Structures are given as C-alpha cells and as structure tokens.
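One letter stands for each residue in the lines below.
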Amino acid sequence: MNTVEEWKQKKHPLDVIEDLKRYAEEELDFDEIEDRAGGGEWERLKWAGMYSHGRKQGYFMMRTKVPGGYLTPEQAEVIGEVAEAYAVAPEKYGGEEQNDIWGDAYLDITTRQDIQKHWIRVEDVPEIWSKYDEVGLTTIQGCGDSARNVLGCPAAGLDGHECFDAQPVIDAVSDFFTENREYANLPRKFKMTITGCKHDCGQSQINDVGMTPARKEVDGEEIYGFHCKVGGGLSDGPRMATGMDVFVPPGDAVEFCRAIAQTFKELGDRNNRGVCRMRYLVQQLGTEKFERAVRTRCEVELPTSGVDLTEGYTGDHVGVHDQKQDGLNYVGFNVIAGRMGGDEFAEAARAAREYGTDEASVRLATDQNFLVTHIPDENVSELLNEPFARKYSPDPGPFSRGAVGCTGSEFCNYGIIETKNRVYRWAKALDRKIDTPEDLDVVRMHMSGCSASCAQPQIADIGFRGETVQVDDPGTTTNEEGDNIVEGMDFGLGGALGTDNEFLDWVENAVPASAVIPAIEQLFDAYVAEREEGERFYEWSRRVDNDRLRAVMQRADANVSGGIAHDGEGGVADD
C-alpha cells in the first residue's frame, strides 16, 4: 500500500468529521492538530471537503458539493453569505487587497459544479456546517478518495432537447454515496455524471462513469434509461471513456453505480497513486472484462444497450434561453474563470427569488458559469438590469465566454503558475484585440496551473498547462541564481468533446506567459484568413499541421519558442 492507503487504514477518513469539530472547539492550530493526529490528518480532512492552503498555513479551501449543479435560491444565498462572512483573508496576507481583481470574500465555481471558498479557518467550520445544514448543503466528500460531486446538465428539466429530467437520479446517487462508510475509501477519487440531455452537458466522455440517455424496449414496453461509458479522465494519462453494453433503467441507477464502485474498490490499484484512477483499471482489464466484473457485483439484471439518444456536446448555457415551460426563461451568466464575490452570488440568489416563479433556482455549469431559472418573459429585462447581471453579462465576447481557469498557485499546493487573474485579464484583452468571425460565439480557452487538468485544458480550443520556463532573453528579470526564470506554459490546440471528440495536441512547449497573447493573435489572423464556411477554431487547428501552427505562432513579435521547461514542481491536484 502507498502512504495514503496506510493513513486511511489507520483511521477511517469519515471519522475526521467529528474530530474536526473537536479541533474547532479546542481552537487547535495546525501544529497542534498534527501533533495529535499525525501528518495523515491533512489527507483525511479532504473527506470533510477541506484542503490545507500549504502556502498560507492556518487556512483551508472548503468545497461545497452541489449535485447536478442545482441550488435553491435559499441555498445559493447561504453560500454567498458564508463566503462574505468567512472567506476573508487576514491582514498578513493582504486582507481586502490580497487579490487586485476580486479583492476578498469571493467564491469559485468549479468545472465539477462545486463551490470553493478560500481562507477558511478550522474554528469557523462548525458554524458554517450549521448554516449549511439548515438549507440542505454539505461539504462531506467534496474531496478525497470517494464519490465526488455527481455532475449533470445544469438545464435539467428546462430544455426541450432533453429526453427526461435526470436530476432525481443524480440526487439519489449522491445521497447513497455521501457519508456511506462502505464506499468512502476507494483507491482514488470516483467521478460520475448522469444526464437525460441529448447534448451530454455532463461530459460523459471524461468521467469515470458517464450515464447518458437511451431508449429500449423492455418486456414489450419502450422505456427511457441510460447508456454508460466508463474510464474517462484527463490529467497526465488522458483517456476518453468507452461504452459498456448495458441499458440502465432509472430505478436501477443507484445499484448500478454501487456495483461499479464495488468493482473499483476491489480491483483498483492501491499501490501507485499515479495509476490508481479507475480509467487505468478499465484500460488494464478492457471494457468488456470490466463490464463482466460489474455485472457479477450488480444485484439487478442489466439489459444490453438500446438506442443511444446523445446527439453531440453542448457545454455552454450562456445567454437567455426559452424553457420548455411556456412563458419561462433561464438566463446563463458568464463568470470568467468561475470567480465572483460572495455578495454578488447572494444577489443572484435574491434576484432568482424576486424575478422567478416559486420553482426558480440557481444552477452551476461545468464551464464555471451559472444559470438563473424560471424567469417569466415579462421579468427578463428587469433581471438583466441588476448590477450582478450587467457585470456577468449573458452576452459576453467569445474569449470571455469560453475562459476557464483552475485555482493555480495562488492557493493550490500543486499550482506552478498563477491562473485566475491571468485568465481574466487575457480573456478581456483578447476580446478587445481580436476581431473574431460573427458566427464564432465562443473560444474555449482553458488554463491549468499544473499538469493535473482541473481546468480541463485537453478538451479546449486552446489549452494551457503551467510550468516554469527558462528563457534566453536579456530583458527578463533574473532570479537569485541569475537565471531567467519566468512563468510559462505548454500551449495546446484542437480539443473538443462530442461526436468529433479529441484531445488537443500540445503544439508548443514552455512558452513564456508574455508571449502567449501575441501568439494567439497570429493564430487568429491565419484562422480568419483560411477558415472554411462555418469552421470552428478547433476544427481549423486540427486541419492545419502542427509544424505550420508553430510557424504561425512564431510570427509574433515575442519569444514564443525561446523557452525551456525549468524544474518546476507539479503534482496531482484534486478537483
């Protein structure tokens, strides 16, 4: 067993929840917690939904699970108020000025429909949990080697292109795994997505378990249910999920997911943390053998597959959209890199209550944006005139609309470069600088601060993974050793999910950050000049060979190819 497995054997990870309450009551500092419980406690605290801010000792990131991204206005308001009250930086780390774009008391919407808050103190956790309990929220198993937040379409129950509303199934699966001791100690994190939407908004192709809509005749009756893909994922060993020959009726979804978790629990690698993810198990066994292993552990009979109803991929719900309910709309707001003030999120929740019907909700999307739903036609204009709505416009520029960023070095122990501020500034600058074709509404630009892919760069039009870069440039500031070391990134092009799914190619490595925008400008000059009718940027970048793409980038008046990867430290982050 690896060291983490030894820690989990020593104490069940869910036991840390009651221990954390005692640490808070006794006002223990980090050293006192470690003296009492050992170094493994920082790993076990992930099961409480908390990560230590290693660079800022004494504070945590707290992750709130939001199954399917669905929040009532009351839940969303509490999340915003908690961020405003508790996600507050101390003066020694800059206080209200610690971030020059967002200031303080902000929250992050993640690519897994979670909410993350920073600067959380141990002594505040019980009070936060109490506020969460009142509205049915939890942070339990937001992190750790167990079932993570279950993804779904953020427009579940709203869009005409869905076959059925899968949110009740998402809730049932999430409820089964949350605080379930039998399945809270898996070899690694276990990621599921469940949708009844034809457009696969839940990204089934890059999850451990991806359930998508299907139809089959069972006992002489046509019923809707799910097909399932398994073994998808990103990070250092990206793999597109492969399909099992099963049809899962909605009533059997919990048992089916339990059987997959049981298979992973029994057969998954608990030795090498680098290859413990379920995708490596599926790769090792092959999908057919993996399916047989699941069937032998499943307590319901699983029919073979039926008619697949997925038609493509839509990961974007920005804009004003008609709901299938007459006279109602949902509005998708654009949050660049997913970060916004806690007070602004609370304002969005109050606006949902004020302008929406009794069924109004706030939904989180996998592109780090959010929706406000059930808005009558006559109230849309008033909603769009709210201060938060003008700031997080449902009609953004294409780069802002597609900008995704992970936590980065600002807080993440594994982050090599800063991401959130950079993504925000770059998206705004590119929308000003580049005149994109009128029919190109979004350019998906994703930046991860290391190789762990929390920002999903491999499926983006333009993807970045951070590293430190050594450059031969007299104008570059040197470090203490006199080396020209700067923040930079690997630069990839051409990723997408859907019927033409493909991971991007890492076209250029070790690009200094200062050279990236000039390189993108050159690429778009060539794209606009050469594109075929209706051709998306990722399609063009696949059609053009990588040598020529590099040559186009090198036209920039910048040191695009003058960097060499430096010995920055990366790791496996955990969203």
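Reading guide: rules and limits
- Residues numbered from 1 in each chain as written.
- Predicted model: local features only at pLDDT ≥ 70, side-chain atom pairs only at ≥ 80, totals over all residues.
- Heavy atoms only, no water.
- Helix = DSSP H or I, 4+ residues; strand = E, 2+ residues; numbered from the N terminus.
- Buried < 20%, exposed > 50% of the residue type's maximum accessible area, 1.4 Å probe, protein only.
- Salt bridge = Lys/Arg side-chain N within 4 Å of Asp/Glu carboxyl O.
- Axes fitted to C-alpha atoms, helices over the stretch in contact; angles between N-to-C directions.
- Parallel < 35°, antiparallel > 145°, perpendicular 65-115°, else oblique.
- Left-handed = near helix turned anticlockwise from the far one by under 90°.
- Contact = heavy atoms within 4.5 Å.
- Nonpolar A, V, L, I, M, F, W, Y, C, P; charged D, E, K, R; others polar.
- pLDDT = per-residue confidence, 0-100.
- Pairing = 2+ DSSP bridges.

## Structural notes on unusual backbone geometry
And step 1. Positive phi is not limited to glycine here, since aspartate 200 has a value of about 50 degrees.
And step 2. When you line up the elements, aspartate 200 lands in the loop between β6 (192-194) and β7 (209-218).
And step 3. On the basis of relative accessible area, aspartate 200 is assigned to the buried category, the value being 4%.

## A short note on the pattern of salt bridges
And step 1. Per the counting criterion, the structure on display carries 42 salt bridges.
And step 2. Of the charged contacts, one joins arginine 339 and aspartate 108 as a salt bridge, the two residues approaching to 2.7 Å between their closest N and O atoms. Within this pair, whereas arginine 339 is found in strand β13 (residues 339-341), its partner aspartate 108 is found in strand β4 (residues 106-109), the two being separated by 231 residues in sequence. Taken individually, arginine 339 and aspartate 108 each receive the classification buried, so the pair is uniform in this respect.

## Topic: the packing of helix α7 (residues 167-177) against helix α8 (residues 253-267)
And step 1. Close contact between α7 and α8 brings their axes to 9 Å; oriented N to C, the two are set at 45 degrees. The pairing of α7 with α8 is recorded here as oblique in orientation. Helix-helix and strand crossings are classified by hand; for α7 and α8 the assignment is right-handed. On the side of α7, the interface is formed by Val169, Ala172, Val173, Phe176 and Phe177, while α8 contributes Ala253, Val254, Cys257, Arg258 and Ala261.
And step 2. Looking at the contact of α7 with α8, its residues break down into nine nonpolar, no polar and one charged.

## Remarks on the confidence of the model for the protein
And step 1. On average, residues of the protein carry a pLDDT of 95, and 96% of them reach 70 or more.
And step 2. Note that residues 568-572 has pLDDT below 50 and, in this model, 12 contacts with residues that lie over four places away or in other chains.

## Quick word on the sheet that holds strand β15 (residues 370-376)
And step 1. A sheet is described by the order of its strands in space; here five strands give the open sequence β3-β14-β15-β12-β11, paired in antiparallel fashion. Looking at strand neighbours, the two that pair on one side only are β3 (70-71) and β11 (319-322), the edges of this open sheet.
And step 2. Pairing between β3 and strand β14 (residues 362-364): two bridges, direction antiparallel. Note that in β14 the partner of tyrosine 70 across the bridge is arginine 363.

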